[in-house]
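# Structural description and commentary
Listed here are the chains, written in short residue letters.
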Amino acid sequence: MRGLIDRKGEQFAYLDGVVLYTLDGEPTGRLEGEFIVDLGGRQIWRVIGDGVYTPDGSESIGYFSSDIPAEYAR
């Protein structure tokens, strides 16, 4: 499990396996290759290493933390 951290350093979501969840535990998307796609399959963010960017890679959204224990994800 990895936290998704915004540019201000605050966690706003987490990735469990390939599924992205809100902090309320609601699935909101999934990791497919180098993209996060929403539940409808539309590419919303690009993942490059641990960085998360707009789909074209031009603007930073945030980054994924290193693995964290499940009890600290929410």
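Everything discussed here concerns the structure shown above.
The following paragraphs examine the structure supplied in this document. (Residues numbered from 1 in each chain as written. Predicted model: local features only at pLDDT ≥ 70, side-chain atom pairs only at ≥ 80, totals over all residues. Heavy atoms only, no water.)

### Digging into the overall build of the chain
In terms of regular secondary structure, the chain is built from zero helices and eight strands. Mapped in sequence order, the helices and strands of the chain form the string β-β-β-β-β-β-β-β. On C-alpha atoms alone, the chain measures out to a radius of gyration of 11 Å, which is about the 11 Å that the 2.2 N^0.38 rule sets for 74 residues. The C-alpha extent of the chain, read off along each of the three principal axes, is 35 × 25 × 15 Å. Looking at the chain alone, contacts between residues at least 24 apart form 30% of all its contacts between residues at least 6 apart. A total of about 4,500 Å² of accessible surface is found on the chain, and carbon and sulfur atoms cover 48% of it. Computed over 7 positive and 13 negative side-chain charges, the inter-centroid distance for the chain is 4 Å. (Helix = DSSP H or I, 4+ residues; strand = E, 2+ residues; numbered from the N terminus. Rg over C-alpha atoms; globule rule 2.2 N^0.38 Å. Contact = heavy atoms within 4.5 Å. Areas by Shrake-Rupley, 256 points an atom, 1.4 Å probe, with all protein chains shown as cover. Lys, Arg positive; Asp, Glu negative; His and termini not counted. Charge placed at Lys NZ, Arg CZ, Asp CG, Glu CD.)

### Here we look at the pairing of strand β1 (residues 2-6)
On any regular strand, side chains alternate: one points to one face of the sheet, the next to the other face. Of all five residues making up β1, four are buried, and the element is well covered by its neighbours. Here β1 runs beside strand β2 (residues 11-16); their pairing, made up of four bridges, is antiparallel. Bridge pairing links I5 to Q11 in β2. Connecting β1 to the next strand, β2, in antiparallel fashion are four residues, including G9 with a positive phi near 90 degrees. Pairing analysis gives four bridges linking β1 to strand β8 (residues 60-67), with the strands arranged antiparallel. (Buried < 20%, exposed > 50% of the residue type's maximum accessible area, 1.4 Å probe, protein only. Pairing = 2+ DSSP bridges.)

### A word on the sheet that holds β2
One closed barrel accounts for eight strands, arranged β1-β2-β3-β4-β5-β6-β7-β8; its pairing is antiparallel. Adjacent strand axes in the sheet meet at a mean angle of 30 degrees when their direction is disregarded. (Axes fitted to C-alpha atoms, helices over the stretch in contact; angles between N-to-C directions.)

Interpretation in functional terms is not warranted from these geometric data alone.
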